[in-house]
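Architecture and fold: a report
As a plain string of letters, each chain reads:
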Amino acid sequence: MDEKKIELKNHRRHVRVWRFARVVFRPILKSMFGYSGEQAPKNLKGPYIVLSNHNSNIDPIMIGTSFRQQMYFIASEQVYRWGFKSTLLKRYFEPISKIKGASDVLAITKALRKVRSGYNICLFPEGNRSFNGKTWPVLEATGKLIKVSGAGLVTYRMEGEYLAFPRWMTGKARKGKIYGRFMHYYSPEELKAMSVQEITKHISDDIQENAFEFQKKNMIRYKGKNLAEGMECAVCVCPKCHGIDVIKTSGNSVSCKNCGHLTDYSEYGFFDDNFNFKNITLWDEWQTDFYKKYIEENESIEKPLFTDSNCTLSAIKDDHSVVPVGVSKEGDITDFKFFKDRIEFSNLTIKLEDINACSIFDRDTFCFSDRTGTHYELVSDELKNFRKYTSALQILCGLN
């Protein structure tokens with residue numbers, strides 16, 4: 001059987017599964033997470049590309065229930081490392097794999113090939129779930145992709161989802177209300193008349209959400225247990241004593257290991273009135289400014305800006321295999337040190353100028369790539385804040 005016939009056969013299977021899955025999952029999502037997804041119009045003309053903000057790992061399922069027409073999702077390469085679950089995903093949904101913390105041209109090429117074959121696709125232009133409740137900026141590269149695709153564009157916005165699925169959480173999702181909003185359909189003819197900058201602005205305006213602005217207007221309870229646990233993966237600098245990696249969480253409480261500065265995190269997503277910040281967005285914005293001053297004031301290249309112990313660094317191969325790198329002959333887990341000009345891990349040194357992309361996967365997996373095309377992942381068995389590395393690389397190297 002030739003390649004085209006195999007593709008068509010697979011696509012027919014994907015369509016059948018899609019039709020079944022969207023009917024099954026709609027009541028489940030409503031019951032479990034209070035999700036109400038606005039349905040896309042029946043007469044949408046494909047192929048089209050769906051773009052949405054991104055706040056949970058089940059966004060593809062939620063958004064998928066709002067579209068009658070089947071589509072393919074661009075997903076993190078990690079979904080191909082889940083053993084039997086990966087086999088099922090590939091057979092029934094065939095997500096387009098993209099490497100985290102890398103400029104993955106192959107993924108974009110595959111996505112465009114799907115569109116030009118007449119299929120719909122969905123992607124999350126932020127490339128990352130939000131840590132602080134605000135949608136990440138949309139890059140012009142996304143507008144350019146839409147422009148060159150020749151397809152239609154659909155924008156879709158998720159609201160209330162961050163408070164149900166804060167990226168840093170360690171337990172189950174909180175029970176509240178989540179809304180999916182069909183925002184706009186832009187025809188290929190409309191997009192052709194727009195500049196890349198205009199397309200990018202439309203996307204940004206349509207999918208932008210601030211979780212706490214939404215919450216001020218709606219004040220929805222998001223009920224659950226241990227609501228604050230894991231927050232140190234998002235914010236690790238104490239606003240009182242300015243210690244780094246001193247934040248600890250337990251139950252609904254957030255405190256500093258150095259000075260004891262304390263607040264609770266409520267079911268509405270807000271901190272106590274006497275805390276420095278009303279919400280995590282404001283704390284995170286302050287933390288970003290703190291990093292800029294901290295890096296500027298620490299001029300020495302011989303003293304690490306940040307150090308994390310008990311880490312494992314691995315290289316990710318094209319076949320999705322994971323190979324430990326930079327370890328001693330005994331294979332010891334060791335310290336990861338971040339300097340103003342380089343990274344050091346055991347016997348491995350990487351200059352910051354040689355890193356061309358970085359990202360965080362899930363809560364605390366630091367992903368980055370160098371100019372040789374090697375893709376790395378830093379992990380630890382302990383809960384860590386690795387966001388400080390992406391923040392520092394953005395400040396020092398301009399990486400997004």
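No experiment lies behind these values; they were computed from the predicted model shown.

Another aspect to go through is the sheet that holds strand β1 (residues 35-37). By way of backbone hydrogen bonds, the strands of a sheet pair with one another, either parallel or antiparallel. Across the sheet, 7 strands lie side by side as β1-β7-β6-β2-β5-β3-β4; this open sheet has mixed pairing. At either margin of the open sheet sits one strand with a lone partner, and together these are β1 and β4 (96-98). In this sheet, neighbouring strand axes are inclined to one another by 20 degrees on average, regardless of whether the strands run parallel or antiparallel. In terms of strand pairing, strand β3 (residues 71-76) meets β4 through 3 bridges, oriented parallel. Paired with Ile-74 across the two strands is Ile-96, which belongs to β4. Strands in contact with helix α8 (residues 196-207) are β2 (48-52), β6 (152-159) and β7 (178-186); relative to β6, the strand with the most contacts, it is inclined by about 30 degrees.

Turning our attention to the nonpolar core. Formed by 80 residues in total, the largest nonpolar core has its most connected members in Phe-67, Met-231 and Phe-366. No other element matches the 6 residues that helix α10 (residues 280-297) contributes to this core. Among residues more than four places away in sequence, those in contact with Met-231 are Trp-168, Thr-249, Val-254, Tyr-265, Phe-271, Ile-280 and Trp-283. Ranked by size, the runner-up nonpolar core spans 22 residues in total, among them Ile-96, Tyr-119, Ile-146 and Ile-207.

Time to look at the environment of Asn-55. Secondary-structure assignment places Asn-55 in the loop between β2 and α2 (59-64). According to the relative accessible area criterion, Asn-55 is buried, its value standing at 4%. Setting aside its immediate chain neighbours within four residues, Asn-55 contacts Arg-129, Ser-130, Glu-161, Tyr-162, Phe-165 and Glu-209.

A word on a nonpolar patch on the surface. Nonpolar side chains collect at one region of the surface, where Phe-20, Val-24, Phe-25, Ile-28, Met-32 and Ile-61 lie side by side and expose about 510 Å² of accessible area between them. With 5 residues, the single largest contributor to the nonpolar patch is helix α1 (residues 3-33). The residue Val-24 is located in helix α1 in this model. The class of Val-24 is partly exposed, set by a relative accessible area of 32%.

Below, the discussion takes up the pattern of salt bridges. One pass over the structure, following the stated rule, counts 18 salt bridges. By sharing partners, the salt bridges in this structure join Asp-245, Asp-308, Glu-382, Lys-384 and Lys-388 into a single network.

Before going further, it helps to examine the confidence of the model for the protein. Of the residues in the protein, 97% reach a pLDDT of 70 or more, and the chain-wide mean stands at 92. Highest mean pLDDT in the protein belongs to β6 (98); lowest belongs to β4 (82).

The subject of this paragraph is the packing of aromatic side chains. In this structure the tally under the stated criterion is 31 aromatic pairs. For the pair Tyr-72 and Tyr-119, a centre-to-centre distance of 5.9 Å together with 65 degrees between the ring planes defines the contact as edge-to-face. Highlighted residues: Tyr-72 in strand β3 and Tyr-119 in the loop between α4 (105-116) and β5 (120-123), separated in sequence by 47 residues. Residues Tyr-72 and Tyr-119 agree in their burial class; the two are buried.

Turning to the packing of α10 against helix α11 (residues 387-397), a few remarks are in order. In contact at an axis separation of 10 Å, α10 and α11 are set at 60 degrees when each is read in the N-to-C sense. By the angle between their axes, α10 is oblique relative to α11. You can see that α10 and α11 cross each other, and the crossing is right-handed. Of the residues in α11, those touching α10 at Asp-284, Gln-287, Thr-288, Tyr-291, Lys-292 and Ile-295 are Arg-387, Lys-388, Ser-391, Ala-392, Ile-395 and Leu-396. Split by residue class, the contact of α10 with α11 holds 5 nonpolar, 3 polar and 4 charged.

Further remarks concern the pairing of β6. Taking burial as the measure, the 8 residues of β6 include 8 buried ones, the bulk of the element. The alternating pattern of β6 places Gly-152, Val-154, Tyr-156 and Met-158 and Leu-153, Thr-155, Arg-157 and Glu-159 on opposite faces, both of which are buried. With 5 bridges joining them, β2 and β6 adopt parallel strand pairing. Its bridge partner lying in β6, Ile-49 is registered against Leu-153. Examined bridge by bridge, β6 and β7 share 7 bridges and lie antiparallel to one another. Pairing of Arg-157 across the sheet is with Arg-181, part of β7.

As a further point, take the sheet that holds strand β10 (residues 262-264). With respect to topology, 3 strands assemble into an open sheet ordered β8-β9-β10, the strand pairing being antiparallel. The strands lining the two open edges of the sheet, one partner per strand, are β8 (247-250) and β10. In this sheet, neighbouring strand axes are inclined to one another by 20 degrees on average, regardless of whether the strands run parallel or antiparallel. Here 3 bridges tie strand β9 (residues 253-256) to β10, and the two strands are oriented antiparallel to one another. Bridge assignment links Ser-253 to a residue of β10, and that residue is Asp-264.

Calculation notes
Chains are numbered independently. Their residues run from 1 in the order of the written sequence. Only residues with pLDDT of 70 or above have their local features reported here, since the model is predicted, and side-chain atom pairs are shown and tallied only from 80 upward, although totals for entire chains, interfaces and linings are computed over all residues. Remark: hydrogens and water are excluded; side-chain values derive from all non-hydrogen atoms of the structure. Pairs of strands are assigned from DSSP output, requiring at least two bridges between the strands. In this text, helices come from DSSP runs of H or I with a minimum length of four residues, and strands from runs of E with a minimum of two, each type numbered from the N-terminal end. A fitted line through C-alpha atoms serves as each axis, taken over the contacting stretch for helices, and the angle formed by two N-to-C directions is quoted from 0 to 180°. Between two residues, a contact is recorded if the distance between any of their heavy atoms is within 4.5 Å. In this description, a nonpolar core means a group of buried Ala, Val, Leu, Ile, Met, Phe, Trp, Tyr and Cys residues linked to one another through side-chain atoms lying within 4.5 Å. Here's how the labels work: a residue is buried when its accessible area is under 20% of the maximum for its type, exposed when over 50%, partly exposed in between, all with a 1.4 Å probe on protein chains only. Patches in this entry comprise residues that are over 30% relatively accessible and not in a salt bridge; like charges within 9 Å are linked, as are nonpolar side chains (Val, Leu, Ile, Met, Phe, Trp, Tyr) within 5 Å. Note on areas: Shrake-Rupley with a 1.4 Å probe; residue coverage comes only from the protein chains shown. A pairing counts as a salt bridge when a side-chain nitrogen of Lys or Arg comes within 4 Å of a carboxyl oxygen of Asp or Glu. Per-residue confidence from the prediction method is given by pLDDT, with values spanning 0 to 100. Centres within 6.5 Å are what make two rings of Phe, Tyr or Trp a pair, Trp counting through its six-membered ring; a difference in plane orientation under 30 degrees is then read as stacked, over 60 as edge-to-face, and the rest as tilted. Throughout this description, any angle smaller than 35 degrees is read as roughly parallel, any larger than 145 degrees as roughly antiparallel, any in the 65 to 115 degree range as roughly perpendicular, and the remainder as oblique. Two helices cross in a left-handed way if the nearer one is turned anticlockwise from the farther one by less than a right angle. They cross in a right-handed way if the turn is clockwise. Charged residues are taken to be Asp, Glu, Lys and Arg, nonpolar residues to be Ala, Val, Leu, Ile, Met, Phe, Trp, Tyr, Cys and Pro, and polar residues to be all remaining types, Gly included.

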